[in-house]
Each structure stands twice: as structure tokens, then as C-alpha cells.
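Each chain, letter by letter, is given below.
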Amino acid sequence: MAEYHPQELDRKWQAHWAKTRAFEVTEDPSKPKFYCLEMFAYPSGHAHVGHVRNYIIGDVVARLKRLQGFNVLHPFGWDAFGLPAENAAIKGGIHPETSTLGNIAHMKGQLQRLGISYAWERELATCLPDYYHWNQWLFTRMFEKGLAYRRRSTVNWCPVDNTVLANEQVIDDGVCWRCGTPVVQKDLEQWFFKITHYADDLLQAAEGLSKWPEKVLTMQRNWIGRSEGARVKFPIQGANDSIEVFTTRIDTIFGATFMMLAPEHGLVATFAKESEDEKAFLAKAQKFRAQDRAGRLTGEVEKEGFFTGRFAINPYTNLPIPIWVANYVLGEYGTGAVMGVAGHDERDFDFAHKYKLPIIPVIRPPHGEPPAEGTFYDTMPDDVLFNSGRFDGMKADQAIKMITEDAEERGIGHGTVQFRLKDWGISRQRYWGTPIPMIHCPVDGIVPVPDEQLPVVLPKVAEFTGRGDSPLASIPEFVNVKCPKCGGPARRETDTMDTFVDSSWYFYRFADAHNTKLPFDPKKVAYWAPVDFYSGGIEHAILHLIYSRFFSRVFHDLGMIDHKEPFTHLLTQGMVLKDGAVMSKSKGNVVDPDSMIEKFGSDALRLYVMFVAPPEKEVEWTDTGLEGSFRFLARVWRIADQWRDEASAASRTIIKHGELSGAERHLRRKTHDTIKRVTTDIDVRQQMNTAVSAMMELVNELYAFTEKGERSAQAAKVAREAIESLIVMLSPFAPHTMEELWQMYGNADGLGAALWPAFDADVAKAEELEIPVQVNGKLRAVVKVPPTIEDTELQKIALAEPNVQTHIAGKTPKKVVIVKGKLVSIVV
Ligand SMILES: [Zn+2]
Ligand SMILES: [Zn+2]
């Protein structure tokens, strides 16, 4: 008897797959394609079990699709630029390139030891020039089309270190992560991508993403945030200036009793300067800016504000209203200024209540009492205006139209569509990213680096101080260049790109990973794209998944791809918890896959992670669960081994289902029913856990069948069908063990040549029971019914039998006795 040593099988089959290039593919128009992709990894150092869950989900799908005859592209790569490596370099002195490449090597080994079926020959790392070359190429195309542009924008600035800080580098209520100095805001020229150009399209096309989780689509809709409304100018009292607000409810303008500025608003600095204590004023605004943005917006952060000492004039009531700075108004939304209508906006009501500002309702129900001053009234569609001068009595929706028109006539406002989505600021004053391929010439302005001079390679930097200018700005050989246009002295751009640029199109690069002429050959992408199955964390519901949809549109408009949506089917997997918390190094609750593989082999780990819960749900890690999966695989191994000689000698010729014994029929039915369930569970519902349960049931049936001791030629055929189907179906979960068993059963070509088992729907159907029907103790009929039948239904069928009808002879039965599964007895 062969013993089960999974670690040996891991090594044997991983070496075999590598040697035979088992998962490498090329375009093959004769086969249907399937592009299976998991979000690539940030090379943080060590992958823990929470990370690898996603890769195993993808691998189950990829392996299933191969067995179903698809030409499967399943690549992997590294999102290798980013701040953590640079921060580590500042703290520990290890160059980001050294640490990143080292981490990649380690994590690649981890994934390979799990036997994930990646086409490793297409591996890419975004920090290497052969990849970021094409970020630069694309940036230049976007610059030419006006989709990349420069404007002034604020950054976090440490006045002691004289350096720009990322949001993550601003800690503990707004101080520098290095020196603890309060962070200030500074205006700098920055690069932006014009994603707003596609705002409407991104929103509308989201309706067609039928295989995306609704939750993700909702988050995207909210992020894009389209709203129809109006912009209106409120003059500032005692100044030759005005504040423009955006509102969706201009019909409530007579109720605007105060004005709120975002702490980011440009006038905050002006008002501060004109105030009695500029420093204190700015400190208050800065405190709000340092608060969590999402929390400010949702109200998780308590609403706070302060009076600027200034007033604006409500252009409809002509009354002065106080101007406040409020933390729940965001600079990037609308105009960064909001009119406070406490009578009808709940958040404004809370704010006004807290700071004792006037609350004047202006909308009322068409009948009955109008809401009183100082109260909140939630408006309804049929409501009408009051306290609103000549618009009194007008329905609210009509008033929106009329007041907008009026504002337009007076030249103080206009109707507009507003998006919450803003252009994407991609400038980073940091080292470890793609250099922006632009040159600043005193004569010609901004000049792109010519294509033939790309890539602009990131120069080596010897020392990372975290102080002063961007590290690139301190390298004269990098900065000082000749202008490509006039040949005069010019200065190279020293900002690098946001790393989200790298991840916005990597899925196209995989289709043609080594192209040195273009980001990719459009023909190759036309074959492989879009991605058929994409999985990753819900934390990417916005940003990455919107930026990728944006880049697809850019490539589409460059004529390089024929579709606009990059991901057809999206799955967002749940996290793996240990001791009730998300795994993290700092909490010390990380489970390292390698130590689990050493104990139980990679297949047990893979199977456990899939069996423990549906992929999109959170799971709690337990070592006992992993052991259970190991025991199950050993059980599969033993039963396959027991049958090996007889079953592999048995022919696969068609089994005549009707001629089998009861036990054989039963096992065969279970086999076909299991194929049906597993196929649907993985392929249609992506419920890997129930697929595994179904296979566990089949294994139980196999043991029961074996214990019955049937060893005929027929029995061997039925066992072979069951065991070989099981091997193939389990192979996406436990590929190493199943390759070995498949070989043991005499299949020399390996699972690469195997096909997913087909099921016979008739065989898979539950067996029918034959139930005798007696009338007054005498057998009068036999009915065939499914075993799950209800008593009332069985009684109806029995009574409807012609021979039963004859013997009842029109009388009403006195009694009907049903013995479950055995007998129907009718007494007349
Ligand atoms: Zn500092
Ligand atoms: Zn020039």
C-alpha cells in the first residue's frame, strides 16, 4: 500500500509543472480563452494565509477552466513601487530596490510552494524599467490628449524636514511621522489625470457590470457621485468678492442662514490673515484637515466648526449670514463651500443646533401647518415653498427650475451637473515610483521626453534622509538636461507617479509581458482581454477598480483595445481572521503558509482555505480545521489506493445503469449528482466550500460501497468512474495529491490532458421508489415515486391508479395508511 506523504508530492509535481511549462500559454484562436486574474501583490515581505486565500480562489477557477477545455491565462506580478519601501529605506538604510526585489523573491517562493498554477514566464514587477517605461509612454499620450495636465494643488508639508508628506505620513492628528512637527498645507504645481472626462461614462457603464458585486457598484456610484444642481454666488460683506456654493436644493435658498467653508477652501487663508490671530485661525482649520476624510464625510467624525468673523449676503433674502469653517464640508466636493439650510438638511440642523445658528424652514407640506422656526422638516415630493418671497406656494421641483433661471438672469448662478469624482492627482514628491517623463524648459515650457529616449530610468540614490526636496531633485545629473525642442538648458520633472498608475493597466501587460515596442500588442490583448474572472479585496472597490476602468477607456480611445470594461466578473474575497482580528505582523497573529505546508502539505492548506467558508465571507483560522482537511485528503488517498488494482484494470466502457446492482446504482447516482453540484458550485456560484462538502459526501459513499464488499467487474467500473471523477474534481483544490492519484490510475499524460467529468442528468436524478398500493389488504397497484415525496402527494397518486379506482368502486375510503417508503394501504 502506498503511503500519503504530501510534502514529497508537492516537490515532485511542482518540479514537473515547471519543467513541462504546464501553465504557459499562447494565443490559440481554435480554443475558447479564459483570463483568470487575482489582484497582483504588494511585495511586503512575507505572504500570510490571509493574502494567499485570494490566490487559491483564483487557482481553483483557473484549474477548473483548463479542465473544461479553455485556453487559460493565469499570470502573476508585483505592485512593486510604493511608500513603505521608501520609508523603510529612510529608517533602516536599505535601498528600496534591494528590499523590494528580496521580498519578491521570497513571496514568489511561497506561492510556488503552494502550487498556484501561474504562467510565471509572464511575471512582471512594476519597479523595473521594462514595465514603467510604458507608464511613461502612456503618460505622454495622455499629455498630448490633454488628459494629463498640471495645476496648483495643496500638499502636506513638514516645515522642519522641509518635505512633502503623504497622507499616511501624517499621524496622530496632523503631525509629521518623523519629527512630530504639526504638518502645514502648501500649494505646489502638481500633475493630474483628467478622469472626470469619463465621469458620465464610468457611471453609466457601471449599469452593465452584471457580474460585479452590487456593493462595489454602489461604492463606485457614490464615489463618482453625480448630482444635478446649481451654483450660486453669495457676495462677501465688506469685500469685492463672493463665495460660490453648489446646491442640489436651490429651492431652499431663502432658508440659508449661514455659510460653511471647507477647511481646504482658498478663502480660509485670506480670512485667517485678516483675523486677529492668524496662527490660531489656521491651527483650527489644520486640525480639521488632519481628520479622517471619510469620517468627515459620513459623520463618524463629530461635526465641528468655527466662525470666521465674516459675513456673506444671501442673494435672495439680502440678509448677512455668518461664514463658518466646518469639518464636514470637503474641499474637493463641489466648490468647497456650502450654504447652511438647517431647516431641511439634517447635518446642517445638527450643526446649527450645536452652534446656536438660526433655523428657518422654507418648505412646507401643501396642506396643514408649516413647520415652526427652529425646527427641522424633512421635505417630501409634493411640498411647497413658504418664507420665500415671490416663490411662496410654488412646488419645490418647479421652484428649483424657476430660481435657477432667476439666478442665471441675475448673473449670480447657473444650473450644473456636479460630480464628486475629482481629477486624479498623481504627482508624488518621492523616489520609489515611475519618473514623470517631462522636461521644463524656460523657453518652451513643458516638453515631453521623446518616445525614443524612454524609459527615463530611476537613478540610484545613495541615501534616504526623508528631509528636503524629493530625492530625485538632489541628483544634478538627473535634473539638468537639454531641452528636446530647443537644446537649451532645462530641468527634468522630479515628481514620480502615484503607484495606482502602475496597477491601472498591468492586466493588459500580462497579455504581452515582454513587448519592447509597445505596452502591448493590440492583437494579443484582443485575444485575451477582458479579464474573465478577477478577484481581490473589497478595499479596492473604488480607486484601483475605477482607475483601471479609466485606463481602459484611455487605451480604447487610443485605438489599442476594442472594449471599455477590463473585468467581466469580479469577486471580492473576505479576510482571514485569527483570534477574531485581521492578520497582521504587529498583532502577532499571522499564520505563515510555509509552516503549515511543512506540517500538512500544500494541498491540505489549499483545501482548508476553500472549505472553511464561501470566498466572499470572512473566516476565522483554526489549526484543527486544517488538520481536518489533511485527514480528508488522506481518506481520499486510501480509498483510491484500495481500489487501484481492480479499478485501473477495469474498462471505462459505457456502464448500463439499469443492469447494475442496487449498491452500484446508488454509488453511480451519487457520482453524477456530485459532478453536477460541484460544477455549479465552482463555475456558476463560486461557492468552493459547498463543492468540497459535496465531494466529502461522495467519499463517504465510496467507503460505504467498499464495505459492502462488491468486487465484480461492474463494481470496479463504477468505482473507477467515482474515483476518477473525484480526482479530477478535487484537483483544482488539491492538485499535487490528485496528480499523483491520477498517475496511479494509469493516466500517463497527467491532469493537463484530463477533462472535467460530464454528468448524466438521468443518472444524477434521485432513484424512484416502487411502492405497493393495497385496497382492503390486497395488492392492486405499484407506483413509482421519488423518495422525497410527501404523504399527501403519494396518497393522491395511489388513489389515481386505474386499478385502485376500480376496486374502490366510487366509495369514499375510510382510512389511508402510509408506511413511509414501503406501502400505501387503503381501507374502504
Ligand atoms: Zn518632520
Ligand atoms: Zn526648449
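Our structure's up above, just so we're on the same page.
Residues numbered from 1 in each chain as written. Chains lettered and ligands numbered in written order. Predicted model: local features only at pLDDT ≥ 70, side-chain atom pairs only at ≥ 80, totals over all residues. Heavy atoms only, no water.

Visitor: Help me understand the side chain of S504 in this model?
Guide: Tracing the chain through its elements places S504 in the loop between β25 (496-497) and α14 (506-509). On the accessibility criterion, S504 (0% relative accessible area) is buried. What S504 contacts, discounting residues up to four positions off in sequence, is W424, Y547, S548 and F551. (Helix = DSSP H or I, 4+ residues; strand = E, 2+ residues; numbered from the N terminus. Buried < 20%, exposed > 50% of the residue type's maximum accessible area, 1.4 Å probe, protein only. Contact = heavy atoms within 4.5 Å.)

Visitor: Looking at this structure, I do not really get the coordination of the zinc ion (ligand 2). What am I missing?
Guide: Perfect tetrahedral coordination of a metal by four donors corresponds to 109.5 degrees between them, and perfect octahedral coordination by six donors corresponds to 90 or 180 degrees. Coordination of the zinc ion (ligand 2) by the protein is provided by C441 (SG), D444 (OD), C483 (SG) and C486 (SG), with metal-donor distances spanning 1.8 to 2.3 Å. Coordination at the zinc ion (ligand 2) is tetrahedral: its four donor atoms span angles of 105 to 117° at the metal. Sequence positions of the residues that donate to the zinc ion (ligand 2) give the spacing C-x2-D-x38-C-x2-C. Taken as a pair, C441 in strand β21 (residues 438-441) and C483 in the loop between β23 (480-482) and β24 (489-492) lie far apart in primary sequence, 42 residues in all. (Donors = N, O, S within 2.8 Å, 3.2 Å for Na, K, Ca; no water. Tetrahedral: all angles 85-135°; square planar, octahedral: opposite > 155°, others 65-115°.)

Visitor: Explain the sheet that holds strand β9 (residues 184-193) here, please?
Guide: Two strands in a sheet stick together by hydrogen bonds in their backbones, pointing the same way (parallel) or opposite ways (antiparallel). With antiparallel pairing, the four strands of this open sheet are ordered in space as β6-β5-β9-β19. Two strands in the sheet have a free side with no partner beyond their single neighbour: β6 (163-165) and β19 (424-425). Examined bridge by bridge, strand β5 (residues 148-158) and β9 share 10 bridges and lie antiparallel to one another. Considered in β9, the bridge of A148 is made with F193. Strands β5 and β9 of the sheet are contacted by helix α5 (residues 129-144), whose axis makes an angle of about 90° with β9. (Pairing = 2+ DSSP bridges. Axes fitted to C-alpha atoms, helices over the stretch in contact; angles between N-to-C directions.)

Visitor: Is there a simple way to think about helix α18 (residues 602-611) in this case?
Guide: Since the α-helix packs 3.6 residues into each turn, any two residues three or four apart lie on the same face. Of all the 10 residues making up α18, nine are buried; the element is thus mostly covered by neighbouring parts of the structure. S602, D603, A604, L605, R606, L607, Y608, V609 and M610 are the residues of α18 that are buried.

Visitor: What am I meant to see in the coordination of the zinc ion (ligand 1) here?
Guide: Protein coordination at the zinc ion (ligand 1) comes from C158 (SG), D161 (OD), C176 (SG) and C179 (SG), with a distance range of 2.1 to 2.4 Å. Geometry at the zinc ion (ligand 1) is tetrahedral, judged from its four donor atoms and the angles of 99 to 116° they form at the metal. Sequence spacing among the residues donating to the zinc ion (ligand 1) works out to C-x2-D-x14-C-x2-C. Here C176 falls in the buried class, since its relative accessible area comes to 1%. According to the relative accessible area criterion, C179 is partly exposed, its value standing at 33%.

Visitor: Help me out: how do you make sense of the packing of aromatic side chains in this one?
Guide: A ring pair, where both rings are aromatic, is described by two values, the distance of the centres and the angle of the planes. This model, assessed by the stated rule, comprises 54 aromatic pairs. Between F143 and W191, the aromatic rings sit 5.9 Å apart at their centres with planes inclined by 70°, giving edge-to-face as the arrangement. Within this pair, whereas F143 is found in helix α5, its partner W191 is found in strand β9, the two being separated by 48 residues in sequence. Ring pairs connect the aromatic residues F40, Y131, W505, Y506, F507, Y508, F510, F520, Y534, F555 and F567, which therefore count as one cluster. When the ring centre of W137 is taken as reference, the NZ or CZ atom of R141 above it lies at 4.9 Å. Between the NZ or CZ atom of K186 and the centre of the ring of W157, over which it lies, the distance is 3.6 Å. (Phe/Tyr/Trp six-rings, centres within 6.5 Å; stacked < 30°, edge-to-face > 60°. Lys NZ or Arg CZ within 6 Å of the ring centre and 35° of its normal.)

Visitor: I tried to follow the packing of helix α19 (residues 623-649) against helix α22 (residues 713-730) on my own but got confused; where do I start?
Guide: Describing two packed helices takes the angle between their axes plus the distance from one axis to the other. Relative to each other, α19 and α22 sit at 140°, their axes nearing to 9 Å. When the axes of α19 and α22 are compared, the pair comes out oblique. The handedness of the crossing between α19 and α22 comes out as left-handed. Only A715, A716, A719, R720, I723, L726 and L730 of α22 make contact with α19, whose side of the interface consists of F632, V636, I639, A640, W643, E646, A647 and S648. Residues belonging to the contact of α19 with α22 are distributed by class as follows: 12 nonpolar, one polar and two charged. (Parallel < 35°, antiparallel > 145°, perpendicular 65-115°, else oblique. Left-handed = near helix turned anticlockwise from the far one by under 90°. Nonpolar A, V, L, I, M, F, W, Y, C, P; charged D, E, K, R; others polar.)

Visitor: Quick question: what am I supposed to make of the sheet that holds strand β10 (residues 226-235) here?
Guide: Strand order across the open sheet formed by three strands is β11-β10-β18, with antiparallel pairing between neighbours. In this open sheet, the two strands that pair with only one neighbour each are β11 (242-247) and β18 (413-419). Averaged over all pairs of adjacent strands, the angle between their axes in this sheet comes to 30°, without regard to strand direction. In the sheet, β10 pairs with β11 via six bridges, with the strands oriented antiparallel.

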